[in-house]
Amino acid sequence: MDLNYNLVEGNLLINNPHATHHGGVYQCIATNTFGTIVSREAKVQFAYLQNFSRKPRNTVSVREGQAVVLLCGPPPHNGEIKYSWVFNGRPSFLLQDTRRFVSQRTGNLYIAKVEASDVGNYTCVVRNMMTNATVYSSPTPVELRRDAVMAEYEPKIEVQFPESLHVTKGSSVKLECFALGNPVPAITWRRTDGNPLPGKMKINHSNGVLEIPYFRPEDAGAYECVAENSRGKNIAKGQLIFQSMIAHNVYKLTVANLQWECRASGKPKPVYRWLKNGEPLVLEDRILVEGGRLAVSRINLLDSGMYQCLAENEHGAIYASAELKVVASAPDFSKSLVKKSMLIQRGGEVIMECRPHASPKASISWRRGGEFLKDSKRRTIMEDGTLRITNISKSDGGRYTCVARNPFGTSSSTGTLVVKEPTKITVPPLSVDATVGQSIVLPCEVSRDSSLDPTFKWFFNGKLIDFNKQDHFEMIGGESAGDLMVRNIQLKHSGKYVCMVHTVVDSVSAAAHLIVRGPPGAPEGLMVGEITDSSAQLSWGSGPDNHSPVTTYTIQARTPFSIGWQAVRTVPDSVPGQMFHATVIDLNPWVDYEFRVVAINNVGVGEPSMQSKQIRTKAAVPEVAPGNVSGGGGSRGELVIQWEPIPEELQNGEEFGYIVAFRSLGTTTWKQTVLASPDASRYTFRNDSIPPLSQFEVKVGVYNNKGEGPSSHVVVVYSAEEEPSVAPSRVWARTLSASEIEVYWEPIPQTASSGNIIGYEVLCWEEGVQESDAEMVKVTDTVALLSGLMGSRLYLISVRAQNSAGAGPSSPAVNVTTKKPPPSQPPGNIEWNLTNSKIFLKWEHVKAMGNESEVTGYKVVYRQNWLGKSSVVETNRTSVELQVPPGEDYLIEIKALSGGGDGSSSGPIRIPKMYSKRCFCLSPFTG
C-alpha cells in the first residue's frame, strides 16, 4: 500500500526512496497458466560516506631505496567508492606509475622504491561514486632517514588478487597486482595455460591492474602476475571460475520418472533449495532432494508446474528455472498417420511404422482387412509397433490397419501396400579398353514393371556425373535404356563407371571399368653422368606407361645456338623401352647442353621429361676450317683476305683464333699471322712494294687452347689495284636554275687505271670555301646533276675517277654561276568561273624583284581532290581555260615561271563540283 512503489510492466519503480522504509531484499514473482517462478534476490542499499577522523597521523620514516605502504583507513561507507591520494596539498591527484600504485580494494598507497623527491605530506581522498561526496584524511608525513641507503633486493608482491574468484557471465572483473623492490620491479601478466591474453583485456599504464570486461566462459582459467627486476622475480597466481547454473524444460508422460540435476560452483560450496511455483518444494515419498538433484517418481498431472533450483552461499544466490509439463491423452494419429500408400518390389521387404501420440504409451496391433495379424516366418510386429514383412509376394498386397489402445481410448490408421515387379539390369556395362581420342558407349538396359518409370544415373569413380557440365559424357537410349557415351576419351577418364537405375520402389546398379590407353607420361629423374668432349651418359626412370608399354625412348638436346629441341644420336642407336640409360654422341666440344627424354609407345609420343641440369662438354682441338675464303680490293700496296668466321658452337674451346697464311703465286714460303679474335673475318697485309693485282695463294686455319685445327683450301687472291693516274678531261657545266647545275666530262681512258673504273666523284664548292670542304656527289655515268644550291652564287666544280683502290687526281676546277632566285611573290587576285566542263582562270601578273629572275610565264597544276593525278598547263598569259570532266571537285595551284625556276605557289584552290558562280580566291582553301 506504500504510494512510493509503482509496478510498470514487471519493473518495480521506487519514488523518493528512504533508507528506513525502502532498504532491504526484493524478489519478483512471475505467474502464468503454467506456474510461478521467483527472480533472484535484489538488495536495495543506500549509499553514504562518513568523514575521516581528524586525529593527526604519525610520521613515517623511511630510507632511500626502501619501499613504503601508506594506509588509507577509509571511514564507514556504503556504495562504490574510489581512492586517490594528494601530495603536499597540490590540487591534482598523485599520478600512478610503475613506482607508485593506489589499490582500489584497500585504498592504500604503495611506493615500490622511495626517492628523495617523495618526502612530504600525503592525504588519502575517498569519493562515493553514487553520491559524489568526497572526504579527505589527515596528512601522513613521510621523511627520509639519513642513516643508510637501502640495498637492492628482489621483488615482493604486496598487492595480489584472490587465489580463486567466481565470476558470472557478462560481468567485469579487475585483478590487482603490485610489487615492492629495488630496482623498481616490472609487472607482466599471462595465462598459465600458455594461451594469449584476450584482445578485449585492458592493462593500465603501471601494469598493476588487469581488467576483463564482459566475462565469458573462455576467459576462465589460471592467471599469473610476474614481478621481476635484476635481483630476481616473484609470481602471484589466481583462478577465475565461470559461475553458471542452468536447467532445461521437461515434458513427461504420466507414470514416468523424472530426475533433474542442478550444479553450481562457488566458494564456499553452495547450498541448494528447490521451489515449485515460487514456494518451497514439499517433499514426500515420490519426491526426493539430494544436494542439487531432484527425483520425482510416478509422475502425475499434479506434478506439472514451474520448478526452480536455488544455489546460495555467503556471497549471494543464483536461480535456474525450468517447466515440468505432464501429458495424458488417448492415442492420436493426426501427426503420424500410417503411410497411405507403400510401393514395394516383389521379393523385397517392407517396414510399416505405427507411431501414434499417446499418454500413457499405447498397445499396438495390426490387421489386414478384418483379420488381425500375428507373427509368422515372414511377418513380425516389433516392440515399437512397427510391422515388418520380408520376401514379399503379390498376395501380400492390400490394406493394412494399425490399431492403438490406452486407458484413455482407441484409434487406428490405414495404409495400402502395392507390390510391383522388381527392376533388373538386362544389358549391363562391360569393362573395356580404349585409346585416347576414341569414343565408346557403355550400355545399361533394364526390364521393369510397366507401371514404373526408371531414372538412370551414372557415377564415375564414386561421383555423380552432371551431364550439363561435362563435354565428354552424354546419356543416350530409350525408356528402358540409359547408355553412357564417352566422347574423345582422355587419360583422366580411366576408372570405375556405375549405372544406377531408380524407380519409386527399388534401385539397382551395375559397374564396369574403363581402361584408357594413351601416350606414355614423362620419364622421371633424368641424370647426366660421365661427360667427354663429344658424348654424355644419361640415365632416367620410367614414367607412367598409361596402360601401353613403352617401346622406345628418344633423347633430345638444346644448346644456346640451336632452334628449340633437336633429336641427337645415341648408343644404342634405338633405346628400347626396357632400358633406362644411353650415351649421347656426336656432341660439339665446349658447348652448353640440356637434355630431355621422350617415351614412345604404340599409342603415340609422350610428354618430354624435365630438362636436365645444363652441362658443358669438354674442350677439344677445332675440327672445322673457315669457309668462303676470298679477298681483293683495298688500297694500293694492300692484300685483303676475307673468310666466314667459325660459329661459336664449332670453336671447341677457349682462346679461339685464326692463322692466316699467304704467299706469292709460284713461291714456296708461306707468310703467317695469328688473329686472336674469334670474330675476325678479314685480314689486310700492307706492303708498298706489292705490284697492283698481284696473285697470292691464301689459306686460313684455326686454333684454340687445345691446339691447331685444320686450314681451308688454298685459294688465289689478287692484291689491290692502283688508283687512276689521270683526271677526267673536257669538264664543263651549265646552270639550269637558281638551285641546279648540270656537269659533263669525258671518261678517262682504260689505260689510265690498273683496274676497272667503278665511278666518278664530282666536287662542288662555293667561291671562298676550301676545296677540302666541298660537297661530293658520286655517280657511275659521265654526267651529274647538282641540286640544292643557292641562287646568284659562283661555284667551282672538279671531277675525279675512282676504282677499288681509291680516287685519282681531280680535274682543273671550272666556274659556273647559278641563276637569280625565282619570284617569291605568288600569283594573286585569282578569279575563276566554272561553266559545264570548263574552268576559266584569271590572275594578276607577278612582278619580279630586282634580285629575282624575270617572269617568263605561268604553270597551272590541277587535280581531282587530294589524291588525283596532277595535270600541268604552262602559259605566258595571266589567264587560262581548262577542259575538265564534270561532277568532280578540283584543286588548283598557280606558280610563276622564271629562268631561276618555279616561283611561289598560290596554294591549293578548291573548286567544288556543280558550282558556276564566279569567285575570287584570296587565300588557299577559299572560293
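These numbers come from a predicted model, not from an experiment.

A. Expanded view of the pattern of salt bridges. Per the stated rule, a full pass over the model turns up 37 salt bridges. The partner of Glu421 in a salt bridge is Arg346, and the shortest N-O contact between them spans 2.7 Å. With Glu421 in the loop between strand S43 (409-420) and strand S44 (424-427) and Arg346 in the loop between strand S35 (341-345) and strand S36 (350-352), this pair connects stretches of sequence that are 75 residues apart. Judged by its relative accessible area of 38%, Arg346 is partly exposed. Residue Glu697 pairs with Arg663 through a salt bridge whose shortest N-O separation is 2.7 Å. Note that Glu697 is positioned in strand S69 (residues 695-704) and Arg663 in strand S66 (residues 657-664), a separation of 34 residues in sequence. Judged by relative accessible area, which is 17%, Glu697 ranks as buried.

B. Examining the UniProt feature "domain: Ig-like" (unreviewed entry) in the protein more closely. Taking the UniProt record as the reference, the feature "domain: Ig-like" (unreviewed entry) is found at residues 50-136, 155-236, 262-325, 331-418 and 422-509. Measuring from the first to the last C-alpha atom of residues 50-136 gives 11 Å, for a span that is 0% helix and 40% strand. Structurally, residues 422-509 comprises 0% helix and 47% strand, and the distance from its first C-alpha atom to its last is 13 Å.

C. Region of the structure containing the side chain of Lys859. By secondary structure assignment, the location of Lys859 is in strand S82 (residues 855-864). A polar side-chain atom of Lys859 sits 2.8 Å from a polar atom in the side chain of Asp902. Aside from chain neighbours lying at most four places away, what touches Lys859 is Val872, Val873, Glu874, Glu893, Ile894, Lys895, Leu897 and Asp902.

D. A look at the nonpolar core. Counting 21 residues, the largest nonpolar core has Trp85, Leu109, Tyr122 and Val126 as its most contacted members. Elements with a contribution of two residues or more to this core: strand S9 (68-70), strand S11 (81-87), strand S13 (109-111), strand S14 (120-128) and strand S16 (140-149). Excluding residues within four positions of it along the chain, Val126 makes contact with Leu49, Phe52, Cys72, Pro74, Ile81, Lys82, Tyr83, Ala133, Thr134 and Val135. Counting residues in hydrophobic clusters, the runner-up holds 20 residues, among them Trp832, Ile839, Leu841 and Ile894.

The rules behind these values
- Residues numbered from 1 in each chain as written.
- Predicted model: local features only at pLDDT ≥ 70, side-chain atom pairs only at ≥ 80, totals over all residues.
- Heavy atoms only, no water.
- Salt bridge = Lys/Arg side-chain N within 4 Å of Asp/Glu carboxyl O.
- Helix = DSSP H or I, 4+ residues; strand = E, 2+ residues; numbered from the N terminus.
- Buried < 20%, exposed > 50% of the residue type's maximum accessible area, 1.4 Å probe, protein only.
- UniProt positions renumbered as here; feature names shortened; annotations may be inferred.
- Polar contact = N/O pair within 3.5 Å; in protein donor to acceptor, adjacent residues only side chain to side chain.
- Contact = heavy atoms within 4.5 Å.
- Core = buried A, V, L, I, M, F, W, Y, C linked by side-chain atoms within 4.5 Å.

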